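Fold and geometry: a report
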Amino acid sequence: MKHLMSPLDFSVEELEKLFDLAEHIAKNPIRYAHTCDGKVLATCFYEPSTRTRLSFESAMIHLGGKVLGFSDAANSSASKGESVSDTIRIISCYADICAMRHPKEGAPMVAAEKSRIPVINAGDGGHQHPTQTLTDLLTIRSLKGHLDHLTIGLCGDLKFGRTVHSLINALVRYEGIRFVFISPEELRVPDYITDMLKDKNIPYQEVIRLENVMPSLDLLYMTRVQKERFFNEEDYVRLKDFYILDTAKMELAGPDMLVLHPLPRVNEISVEVDDDPRAVYFKQAQYGVYVRMALILTLLGLEDSMENEK
Ligand code: NCD
């Protein structure tokens, strides 16, 4: 049985297959409308979410399956002190696959060890967010045509942003990748990541000013300052509007530079940028549904069920 804890759980070849399936689903959604008839997805969310949870639910519903779950730890037996290991044993009796988000790093992994059904990490603390990474990679592959030879700017909260950590981990496996980390000093990317990049000889640059690097980027991945992971409100207030991407800054970028954002957005992208064709963050959310459909089919072992018909 396969779980998804980190984007590295899939090899580059397996990812290609997953993305091919997601693109096939995007082009032929009706043909997949009953591939999960009779299957149930549980969404166990111990931390707030709109996109990820509803994206999983939308994915399962579009495959013909059904969904159940909880969207807040306060509404679950966690509030009575139940462990994730016990909860997943119970969920294994109710569902065929589970997407779990938890504020504690590693909690979905603990659940996976006791689970009788595939568990998908839907975000664990500041650690990993593999299905957002699959979404990001599919968006880049579909809109740029390739995942290699790209200069990628990551901007904002690079310290606490789990989407950033997951995406860097996944991208280092492609050739010719360069990173430009744009953050205030306090929100720099963690040392374990820069150490890993040094080990692998992957070029990266750390800067504070976004304007200076805009012309060199193929992609700009904007992120929100992660309010819920700050220890003190004052620091958050001081840093929250450090970056605001506006049309003036977009003028400094090349005509093909894409702007991605895992969302939710707070103030870091001005709404006037939404009309720029290079702003693809809403399209990215649509790719998120297709890639989660492909993932559910793959983890349930149903990915080849359409093979003869392709
Ligand atoms: C991200 C997350 O939860 O880490 N959101 C998401 O899943 N789309 C990013 C964020 O909350 O800033």
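Scroll up a little and you will see the structure.
Computed from a prediction, not measured in an experiment: that's the story for all the values here. (Residues numbered from 1 in each chain as written. Predicted model: local features only at pLDDT ≥ 70, side-chain atom pairs only at ≥ 80, totals over all residues. Heavy atoms only, no water.)

1. Structural notes on the sheet that holds strand E9 (residues 258-260)
Here we have five strands laid out as an open sheet, ordered E7-E6-E5-E8-E9, and parallel in their pairing. Looking along the sheet, the strands with just one partner apiece sit at the ends: strand E7 (204-207) and E9. Here the average twist between neighbouring strands, direction ignored, is 20 degrees. Contacts between helix H6 (residues 162-171) and the sheet are confined to strand E5 (151-155), strand E6 (178-182) and strand E8 (219-222), with E5 contributing the most and set at about 165 degrees to the helix. (Pairing = 2+ DSSP bridges. Helix = DSSP H or I, 4+ residues; strand = E, 2+ residues; numbered from the N terminus. Axes fitted to C-alpha atoms, helices over the stretch in contact; angles between N-to-C directions. Contact = heavy atoms within 4.5 Å.)

2. Section: the pairing of strand E2 (residues 66-70)
Here strand E1 (residues 40-45) runs beside E2; their pairing, made up of five bridges, is parallel. Looking at E2, one finds that Leu41 is bridged to Val67.

3. What to know about the site of the ligand
Inspection of the region around the ligand gives Arg51, Thr52, Arg101, His129, Gln132, Arg162, Thr163, Arg224, Gln226, Pro262, Leu263 and Pro264 as its neighbouring residues. Residue Pro262 places a main-chain N or O atom 2.9 Å away from a nitrogen atom belonging to the ligand. In isolation the ligand offers 320 Å² of accessible surface; the protein chains occlude 94% of this area. Contributions of two or more residues to the shell around the ligand are made by helix H2 (51-62) and H6. Considering only residue class, the shell around the ligand consists of three nonpolar, five polar and four charged. (Near = heavy atom within 4 Å. Polar contact = N/O pair within 3.5 Å; in protein donor to acceptor, adjacent residues only side chain to side chain. Areas by Shrake-Rupley, 256 points an atom, 1.4 Å probe, with all protein chains shown as cover. Nonpolar A, V, L, I, M, F, W, Y, C, P; charged D, E, K, R; others polar.)

4. Points about the packing of helix H3 (residues 84-94) against helix H4 (residues 107-114)
Running from N to C, H3 and H4 cross one another at 50 degrees; their axes reach a closest spacing of 8 Å. Between H3 and H4, the angle is such that the two are oblique. You can see that H3 and H4 cross each other, and the crossing is right-handed. Listed contacts from H4 to Val84, Ser85, Ile88 and Arg89 of H3 are Ala107, Val110, Ala111 and Lys114. Of the residues contributing to the contact of H3 with H4, the split by class is five nonpolar, one polar and two charged. (Parallel < 35°, antiparallel > 145°, perpendicular 65-115°, else oblique. Left-handed = near helix turned anticlockwise from the far one by under 90°.)

5. Section: the environment of Thr223
Residue placement: Thr223 occurs in the loop between E8 and helix H9 (233-239). Separated by 69 residues in the primary sequence, Thr223 and Leu154 place their C-alpha atoms 7.7 Å from one another. Non-local contacts of Thr223, meaning those with residues more than four positions away in its chain, are made with Cys155, Gly156, Asp157, Thr163, Val164, His261, Pro262 and Glu268. A polar contact of 2.9 Å, which involves the side chain of Thr223, links it to the backbone oxygen of Cys155. From its side chain, Thr223 meets the backbone nitrogen of Asp157 in a polar contact 3.0 Å long.

6. Observations concerning the state of the cysteines
Tallying each qualifying case throughout the model produces zero disulfides. This cysteine, Cys36, is not joined by any disulfide, and Cys98 carries the nearest cysteine sulfur, 15 Å off. By relative accessible area, which is 0% here, Cys36 ends up buried. Considering cysteine sulfurs only, Cys98 is the nearest to Cys44, which forms no disulfide, with 3.8 Å between them. The buried category is assigned to Cys44, whose relative accessible area is 0%. (Disulfide = S-S within 2.5 Å. Buried < 20%, exposed > 50% of the residue type's maximum accessible area, 1.4 Å probe, protein only.)

7. Considering the nonpolar core
If you look at the biggest cluster of nonpolar residues, it comprises 59 residues, and the most contacted ones within it are Phe19, Leu137, Leu154, Ile168, Phe179 and Leu197. Counting residues per element, this core draws most heavily on helix H11 (residues 281-299), which supplies ten residues. Ile182, Met222, Ala253 and Leu263 belong to the second largest nonpolar core, which has 21 residues in total. (Core = buried A, V, L, I, M, F, W, Y, C linked by side-chain atoms within 4.5 Å.)

8. What about H4?
Listing the buried residues of H4 in full gives Ala107, Pro108, Ala111 and Ala112. Along the axis of H4, the buried positions cluster into a sector of 140 degrees, meaning they face one direction only. (Arc of directions from axis to C-beta.)

9. A look at the packing of helix H1 (residues 12-27) against H11
Contact geometry of H1 with H11 gives a least axis separation of 8 Å together with a crossing angle of 120 degrees. Looking at the two axes, H1 sits oblique to H11. Helix-helix and strand crossings are classified by hand; for H1 and H11 the assignment is right-handed. Contacts between H1 and H11 involve Leu18, Phe19, Leu21, Ala22, Ile25 and Ala26 on the former and, on the latter, Tyr290, Val291, Met293, Ala294, Leu295, Leu297 and Thr298. Its residues placed into classes, the contact of H1 with H11 shows twelve nonpolar, one polar and no charged.

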